[in-house]
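Residue-level listing of the chains:
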Amino acid sequence: MQASPLDALHDVLPPSEVSWWPLSPMVWALLIITLLLLLLIGRYVYKAHCHKKAKKQAIEHSQQHPDNAQALHIILKRLTKHYYGVAATTQSQTQWAHTLSRLSGLSFNEQELNSLYAPKPDSQLANKLTLAINKFKLKEKIDV
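In this text the structure is predicted, and so the values were computed from the model without any measurement.

Enquirer: Residue-level account of the overall build of the chain, with values.
Expert: When you go through the chain residue by residue, the secondary structure sums to six helices and zero strands. Moving toward the C terminus, one meets the helices and strands of the chain in the order α-α-α-α-α-α. The C-alpha extent of the chain, read off along each of the three principal axes, is 125 × 30 × 20 Å. Across the 144 residues that make up the chain, the buried fraction comes to 26%. In the form shown here, the chain has an accessible surface area of approximately 11200 Å², with 61% of it arising from carbon and sulfur atoms. Side chains of the chain give 16 positive and 10 negative charges; the mean places of these two sets differ by 16 Å.

Take a look at the structure:
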């Protein structure tokens, strides 16, 4: 009897399972890029939070003095000084009214700001200053 030619074949061995460790260079690169991207996003969010912190505090202070126009004006000056420097707050009354109009989107004039020093300031001015604090622009470019 002749032997079958199939008996001469060896058994087919399946390949062994590939280990997940160590990671391939492409996976390492992908992990590093993802980590750097997350760090950059986190840094951006943190800086934005810190940048807006002064405005949030000014809004809180303005809610403590809703009818005191002089206190609201001081808060607005401090906010402007924080974001735009001393030169923006030490202008003449006319230029300060113009700067305030640009930064708040509301219209202020010199007479309104002069009424702050009257014995009884205008009550509508307090509402307008509160609105100016809430609408204060943080990234406006101003030339002083």
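Enquirer: Tell me about the packing of aromatic side chains, and please be specific about residues and values.
Expert: Under the counting rule described, the total for this entry stands at four aromatic pairs. Ring centres 6.1 Å apart and planes at 70 degrees place the aromatic pair Trp21 and Trp28 in the edge-to-face group. A relative accessible area of 48% places Trp21 in the partly exposed class. Judged by its relative accessible area of 40%, Trp28 is partly exposed. Here the aromatic residues Trp20, Trp21 and Trp28 are joined through ring pairs into a cluster of three or more. Across the ring face of Phe108, the terminal group of Lys128 is positioned such that the distance to the ring centre comes to 4.8 Å.

Enquirer: So, the nonpolar core: which residues are in play, and what are the values?
Expert: With 25 residues, the main nonpolar core has Leu76, Tyr83, Phe108, Leu113, Leu129 and Phe136 as its most contacted residues. Within the residue set of this core, elements represented by two or more residues are helix H1 (25-64), helix H2 (69-84), helix H4 (93-104) and helix H6 (123-134). Looking at this core element by element, the count peaks at seven residues for H2. In contact with Leu76, other than residues within four places in its own chain, are Trp96, Leu100, Leu129, Ala132, Ile133 and Phe136.

Enquirer: Any details on the side chain of His73? Residues and values, ideally.
Expert: With respect to the secondary-structure elements, His73 resides in helix H2. What makes His73 buried here is its relative accessible area of 6%. Setting aside residues up to four positions removed in sequence, His73 forms contacts with Trp96, Leu113, Leu116, Tyr117 and Leu129.

Enquirer: How would you summarise the UniProt feature "transmembrane region" (unreviewed entry) in the chain if you had to cite specific residues and measurements?
Expert: UniProt annotation of "transmembrane region" (unreviewed entry) refers to residues 26-46 when read in the numbering used here. Counting secondary structure, residues 26-46 comes out at 100% helix and 0% strand; the distance between its end C-alpha atoms is 30 Å.

Conventions we followed
- Residues numbered from 1 in each chain as written.
- Predicted model: local features only at pLDDT ≥ 70, side-chain atom pairs only at ≥ 80, totals over all residues.
- Heavy atoms only, no water.
- Helix = DSSP H or I, 4+ residues; strand = E, 2+ residues; numbered from the N terminus.
- Buried < 20%, exposed > 50% of the residue type's maximum accessible area, 1.4 Å probe, protein only.
- Areas by Shrake-Rupley, 256 points an atom, 1.4 Å probe, with all protein chains shown as cover.
- Lys, Arg positive; Asp, Glu negative; His and termini not counted.
- Charge placed at Lys NZ, Arg CZ, Asp CG, Glu CD.
- Phe/Tyr/Trp six-rings, centres within 6.5 Å; stacked < 30°, edge-to-face > 60°.
- Lys NZ or Arg CZ within 6 Å of the ring centre and 35° of its normal.
- Core = buried A, V, L, I, M, F, W, Y, C linked by side-chain atoms within 4.5 Å.
- Contact = heavy atoms within 4.5 Å.
- UniProt positions renumbered as here; feature names shortened; annotations may be inferred.

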